Amino acid sequence: GLLHEAVDILCSDKFFTTQIKSFGIESTSRLVVSCIRSFEKKSYIEYVAKNDTSVYRSPMVSVIYFVKKYLQTLNTLFELDNKIRGEIGCAIILFGVELQKFSKWAESLDFFLTSLNIFRSISYSDDHPDTIRATKYIDSCAIQHVILVRRDSK
């Protein structure tokens, strides 16, 4: 149906290349995230009406993985200036955050580490805002220790 057509378009090298050439990495990334959110909302509502939600798997997750792979390839195959590489790192963070919304915490960690590696490869310092942001998202994926106490404890 329409959802699968959207996934096919969003997972197309041609679509991404055209969009990035026309609008840049940041605008293209924001457009794709907007599409993911819109189609995900519609897809989930339709699925809930017909099925058990405990087995729901979003087709939009595959779009997020595709975008990361596309951006990584773009980063490694071409001689790009540091500004463009920085935009790629920021876009990968954006898609990592989007992936967290699907409870893919371990997988999103890989996105954040990839962005941090890109920032380090272009000599961003540890106190650069993008480096700090990537580091904070990496920390957000860490398993936190939770201590349970009885309600009547003092």
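Structure's up top.
Values in this document were obtained by computation on a predicted structure and should not be read as measured data. (Residues numbered from 1 in each chain as written. Predicted model: local features only at pLDDT ≥ 70, side-chain atom pairs only at ≥ 80, totals over all residues. Heavy atoms only, no water.)

**Here we look at the overall build of the protein chain**
Here is the rule we go by: Here a helix means four or more residues in a row that DSSP labels H or I, a strand means two or more in a row labelled E, and each is numbered from the N terminus. Each residue is placed in one exposure class: buried if its accessible area under a 1.4 Å probe, protein chains only, is under 20% of its type's maximum, exposed if it is over 50%, and partly exposed if it falls in between. Accessible areas in this description were obtained via Shrake-Rupley with a 1.4 Å probe; residue shielding takes into account the shown protein chains only.
Check the secondary structure of the protein chain and you find seven helices and zero strands. Start at the N end of the protein chain and walk to the C end: the helices and strands fall as α-α-α-α-α-α-α. A buried classification covers 38% of the 154 residues belonging to the protein chain. When the accessible surface of the protein chain is totalled, it reaches about 10,000 Å², and 56% of it is carbon and sulfur.

**Let's talk about the pattern of salt bridges**
When their charged atoms lie close together, side chains carrying opposite charge are able to pair. Which entries qualify depends on this criterion: Throughout this description, the term salt bridge denotes a Lys or Arg side-chain nitrogen within 4 Å of a carboxyl oxygen of Asp or Glu.
Applying the stated criterion to the full structure yields six salt bridges. In this structure, the salt-bridge partner of glutamate 98 is arginine 37, at a minimum N-O distance of 2.9 Å. Of this pair, glutamate 98 sits in helix α5 (residues 82-100) while arginine 37 sits in helix α3 (residues 25-50); the two residues are 61 residues apart in sequence, bridging distant segments of the chain. Since its relative accessible area comes to 44%, arginine 37 is described here as partly exposed. Across the pair aspartate 152 and arginine 150 runs a salt bridge, and its minimum N-O distance is 2.8 Å. You can call aspartate 152 exposed: its relative accessible area is 51%. A cluster of three or more residues bridged by salt bridges with shared partners is formed by Arg37, Glu98 and Lys101.

**Some thoughts on the packing of α5 against helix α7 (residues 129-140)**
Filter applied, for reference: Fitted lines through C-alpha atoms give the axes, limited to the stretch in contact for helices. The angle between two N-to-C directions lies from 0 to 180 degrees. Angle categories: roughly parallel below 35 degrees, roughly antiparallel above 145, roughly perpendicular from 65 to 115, and oblique for all the rest. Each crossing gets its handedness from the near helix: less than a right angle anticlockwise from the far helix is left-handed, clockwise is right-handed. Whether two residues are in contact is decided by their heavy atoms: any pair within 4.5 Å suffices. In this classification, the charged set is Asp, Glu, Lys and Arg, the nonpolar set is Ala, Val, Leu, Ile, Met, Phe, Trp, Tyr, Cys and Pro, and all remaining amino acids, among them Gly, are polar.
Two elements in contact, α5 and α7, have axes whose closest approach is 11 Å; the angle formed by their N-to-C orientations is 20°. As summarised for this structure, α5 and α7 are arranged roughly parallel, according to the angle between their axes. Seen from above, α5 lies across α7 with left-handed handedness. The segment α5 lies against α7, with Cys90, Ile93, Val97 and Gln100 engaging Asp130, Arg133, Ala134, Tyr137 and Ser140. Of the residues assigned to the contact of α5 with α7, the class counts are five nonpolar, two polar and two charged.

**Quick word on the packing of helix α2 (residues 13-23) against helix α4 (residues 60-77)**
Their axes nearest at 11 Å, the elements α2 and α4 cross at an angle of 60°. One finds that α2 runs oblique with respect to α4. Relative to α4, α2 is oriented so that their crossing is right-handed. Facing α2, whose interface residues are Asp13, Phe16, Thr17 and Ile20, α4 presents Phe66, Val67, Tyr70, Leu71 and Leu74. Residues of the contact of α2 with α4, tallied by class, amount to seven nonpolar, one polar and one charged.

**As for unusual backbone geometry**
Despite not being glycine, serine 103 has its phi angle at roughly 60°, a positive value. Its place among the elements puts serine 103 in the loop between α5 and α6 (105-121). Among the residues examined, serine 103 registers a relative accessible area of 57% and is labelled exposed.

**Describing the nonpolar core**
Generally speaking, nonpolar side chains in soluble globular proteins are found buried as a group. Put simply, the test is: The nonpolar core is taken to be a set of buried Ala, Val, Leu, Ile, Met, Phe, Trp, Tyr and Cys residues, with the residues joined through side-chain atoms within 4.5 Å.
Within the largest apolar cluster, 27 residues are counted, with the highest numbers of intra-cluster contacts made by Val32 and Leu71. When residues of this core are traced back to their parent elements, those giving at least two are α1 (2-10), α2, α3, α4, α5 and α6. Each residue touching valine 32, except ones within four places of it in the same chain, is listed here: Leu10, Phe15, Phe16, Val63, Val67 and Phe95. Of all hydrophobic cores here, the second largest spans 10 residues; its members include Cys90, Phe119, Ile138 and Cys141.

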